[in-house]
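Per-entry structural report
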Amino acid sequence: MTEAPRSVSDLFWTFTRMALQGFGGVLPIAERVLVHGRRWMTPKDFVEALAIAQTLPGPNIVNLSLMVGDRFFGPRGAAAAFAGMMLFPAIIVLILTVIYQFTAELEMTRRILLGMSAVSVGMIAGMGLRLARTQGHFRAGWLIGAAVFLLVAILHKPLGMVLIALGLPAVGLRWWQLRRL
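As a starting point, this report considers the structure included with it. Just so it is clear, the model here is predicted, and its values are computed rather than measured. (Residues numbered from 1 in each chain as written. Predicted model: local features only at pLDDT ≥ 70, side-chain atom pairs only at ≥ 80, totals over all residues. Heavy atoms only, no water.)

With 13 residues, helix 3 (residues 43-55) extends 19 Å between its outermost C-alpha atoms, agreeing within 8% with the 18 Å of an ideal straight helix rising 1.5 Å per residue. Buried within helix 3 we find F46, V47, A49, L50 and A53. Residues of helix 3 that are buried in the fold lie against helix 2 (27-37), helix 4 (60-103) and helix 5 (107-132). (Helix = DSSP H or I, 4+ residues; strand = E, 2+ residues; numbered from the N terminus. Expected span 1.5 Å × (residues − 1). Buried < 20%, exposed > 50% of the residue type's maximum accessible area, 1.4 Å probe, protein only. Contact = heavy atoms within 4.5 Å.)

Let us now look at the packing of helix 6 (residues 139-154) against helix 7 (residues 159-180). Their axes nearest at 10 Å, the elements helix 6 and helix 7 cross at an angle of 175°. Classed by the angle they form, the pair helix 6 and helix 7 counts as roughly antiparallel. Residue-level inspection shows A140, I144, A147, V148, L151 and V152 of helix 6 in contact with helix 7, the latter providing L159, V162, L166, A170 and L173. (Axes fitted to C-alpha atoms, helices over the stretch in contact; angles between N-to-C directions. Parallel < 35°, antiparallel > 145°, perpendicular 65-115°, else oblique.)

Tracing the chain through its elements places T14 in helix 1 (residues 8-21). If we ignore the near neighbours within four places in the chain, the residues touching T14 are V33, R38 and W40.

Laid out in structure tokens, this is it:
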């Protein structure tokens, strides 16, 4: 059973808080907040919306925010969710850009950025594992996921090649499976 935001303002401030928590990736935070915290979406709803967001041009989280906002309050909700996702992070990025111009050569800056990238990788991996549980019935997907990990992370094959070699057959297989249901 899902709930709904109380108002357009609630939607704006929820997306603002999510955006301000995400260093290098808001999707894991969005999944935690929208599915487990606010319960505005089920895990299945989130996976389906994310799949659509990934096929559209632009950042996945922006596309997702527009879809979630529109789902509850139409165009006003989409605008509020988008503004919440973008307003304060844009201001922060502008401020950090100015600071970075003065500190880019410092070792401390390099170490901070390296640490932030490690945190981002961990957050995205954790979200991926949580979302994978919603696809437990798609056993071939687990094998394809393992093959992708092996090819990209271990063997350092180009992502484009791997997507063509494994992504297209995976989509075709899943489409065929869903048609049989």
